[in-house]
Amino acid sequence: MSIGEQPIFTTKAHVFQIDPETKKNWIPASKSAVSVSYYYDTTRNTYRIISVDGSKAIVNSTITPGMTFTKTSQKFGQWSDPRANTVYGLGFSSEQDLQKFIEKFKEVKEMTRQVVNQTPPIPPSTNQNSTSQVNGNEESHSSSSKHANSSQPRQFLHHRSSSLSAMQGSDTSSKQDANLRERRNSFNSSPNNSSNNASESQLKYENDRLKLALAQSSTNAKKWEVELQTLKNNNSRLTAALQESTTNVEEWKKQLAAYKEESAKMKKKIVELEKRQSGSEQVAALQTELQQLTERLERVQLDNQDKQDEINQLSLRMSELSARETQSSTLQSRCKKLEDENDHLKLKVEDLQRQLTERNMSHDQENSELLRLEDQLGNKVTELYEIHEQIISLIRKESHS
């Protein structure tokens with residue numbers, strides 16, 4: 001950080017970087033949540049995102065108008081930095097912190113765009129104008145070539161004209177030829193168009209991001225399918241247990257009815273025996289048997305109550321299973337939706353790959369066209385040099401005469 005930089009926003013987040021080999025997995029850059037700040041450089045009029053873990057700078061990203069911050073989940077977001085050739089990821093403790101960071105990112109990007117739009121254009125060089133006055137026909141042809149090219153060929157043409165003006169003060173022709181060849185070689189080794197590189201890197205980043213989203217959605221769909229199958233298996237087991245318990249309750253109810261009927265018969269026998277005033281021994285035996293039957297009836301009633309409680313519990317579990325079935329149907333619809341999204345993402349990836357191929361072909365065509373224009377310009381410069389030699393020879397002849 002320079003002296004003119006000052007923080008304008010600071011928050012806490014876990015910092016990640018994309019794996020440079022797989023371009024899919026995230027590598028933690030910090031062991032815990034660290035400070036992530038926006039800095040404004042008053043001298044350069046630029047904005048940066050900086051995060052330091054101890055004495056190591058783990059994030060140093062200069063914000064440009066072409067950057068985009070993408071929210072991938074409730075608490076996670078990422079952005080691509082073409083200058084650093086990496087993708088940064090930030091994990092926040094809450095969704096509100098992530099939203100504040102996104103809003104600040106949009107604000108800073110807008111201010112950066114305004115700064116870029118307010119930059120004044122570079123005025124043309126006087127050397128180029130003086131060269132254009134030497135020969136009007138060549139200047140008109142070169143000006144049409146300039147309008148067909150980008151700003152970078154204009155700058156190289158300016159350097160080329162400046163070098164031609166500088167060669168006029170040299171004495172020996174061999175030195176002029178050597179300088180001419182050197183300038184032509186330096187002109188032929190011009191860099192590629194920065195806008196094409198930026199668009200290609202953006203397409204590659206979008207392609208990698210869509211592939212990552214496709215892999216994550218496929219993994220989530222498989223996980224939900226396994227959970228749905230587990231719920232179905234539990235539902236089947238609980239249904240079988242409920243049916244078995246219902247069957248046992250019916251049998252216990254039948255046994256209870258039989259015991260009640262037998263108890264009623266025994267009571268009738270006791271009443272009949274009391275009416276007949278039979279022997280005391282038979283009455284005592286019947287009373288003992290009646291007491292045993294009563295105790296047995298109480299035990300059966302207790303068992304029935306336990307079974308009834310078990311039935312109530314199974315009914316509650318059935319209601320829970322019904323709710324889970326509803327959730328499983330929701331998961332099925334979500335799986336279907338994810339499959340549709342996967343198909344859409346696949347189509348989008350194929351489209352991006354096709355666009356990348358077309359962009360590469362267009363880039364090759366532009367390079368070939370640029371080389372052709374460079375050859376034409378070199379020929380024109382050679383002609384100018386020959387005309388210059390002729391003018392010098394004519395001036396020398398006139399001076400000698």
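Provided above is the structure to which this section pertains.
This one's a predicted model, so the numbers in the text were calculated from it and none came from an experiment.

Chemist: So what exactly am I meant to see when it comes to the overall build of the protein here?
Modeler: In terms of regular secondary structure, the protein is built from seven helices and eight strands. Expressed as a percentage of the 401 residues in the protein, the buried residues total 30%. Pairs at least 24 apart in sequence give 64% of the contacts found in the protein among residues at least 6 apart. Counting every atom, the protein has about 26,400 Å² of accessible surface; 49% of that belongs to carbon and sulfur.

Chemist: Can you walk me through helix 1 (residues 95-117) in this structure?
Modeler: An α-helix turns once per 3.6 residues; consequently, residues spaced three or four apart project the same way. Helix length check: helix 1, at 23 residues, gives a terminal C-alpha distance of 33 Å against a target of 33 Å (1.5 Å per residue), a fit within 8%. All buried positions along helix 1 are accounted for by L98, F101, I102, K104, F105, V108, K109 and T112. On its buried face, helix 1 sits against strand 1 (5-18), strand 3 (34-41), strand 4 (46-53), strand 6 (69-71), strand 7 (76-81) and strand 8 (86-91).

Chemist: I keep staring at the nonpolar core and nothing clicks. Help me out?
Modeler: The nonpolar side chains of soluble globular proteins are, as a tendency, buried together. Counting 22 residues, the largest nonpolar core has I49, W79, L90 and F101 as its most contacted members. For this core, the secondary structure elements donating two or more residues are strand 1, strand 3, strand 4, strand 5 (56-62), strand 8 and helix 1. Within the second largest apolar cluster, seven residues are counted, among which are L203, L210, V349 and L352.

Chemist: Is there a simple way to explain the side chain of Q78 in this structure?
Modeler: Along the chain, Q78 falls in strand 7. Other than its neighbours up to four places away in sequence, Q78 contacts W26, T68, F69, T70, T72, V87, Y88, G89, Y205 and R209.

Chemist: Can you walk me through the pattern of salt bridges in this structure?
Modeler: Charged atoms that come close allow side chains of opposite charge to pair. In this structure the tally under the stated criterion is ten salt bridges. The salt bridge involving E261 is made with K265; its shortest N-O contact spans 3.9 Å. One end of the pair, E261, and the other, K265, are both in helix 6 (residues 194-276), four residues apart, so they sit about a helical turn from each other. Look at E261 and you get partly exposed, because its relative accessible area is 48%.

Rules and cut-offs
Residues numbered from 1 in each chain as written. Predicted model: local features only at pLDDT ≥ 70, side-chain atom pairs only at ≥ 80, totals over all residues. Heavy atoms only, no water. Helix = DSSP H or I, 4+ residues; strand = E, 2+ residues; numbered from the N terminus. Buried < 20%, exposed > 50% of the residue type's maximum accessible area, 1.4 Å probe, protein only. Contact = heavy atoms within 4.5 Å. Areas by Shrake-Rupley, 256 points an atom, 1.4 Å probe, with all protein chains shown as cover. Expected span 1.5 Å × (residues − 1). Core = buried A, V, L, I, M, F, W, Y, C linked by side-chain atoms within 4.5 Å. Salt bridge = Lys/Arg side-chain N within 4 Å of Asp/Glu carboxyl O.

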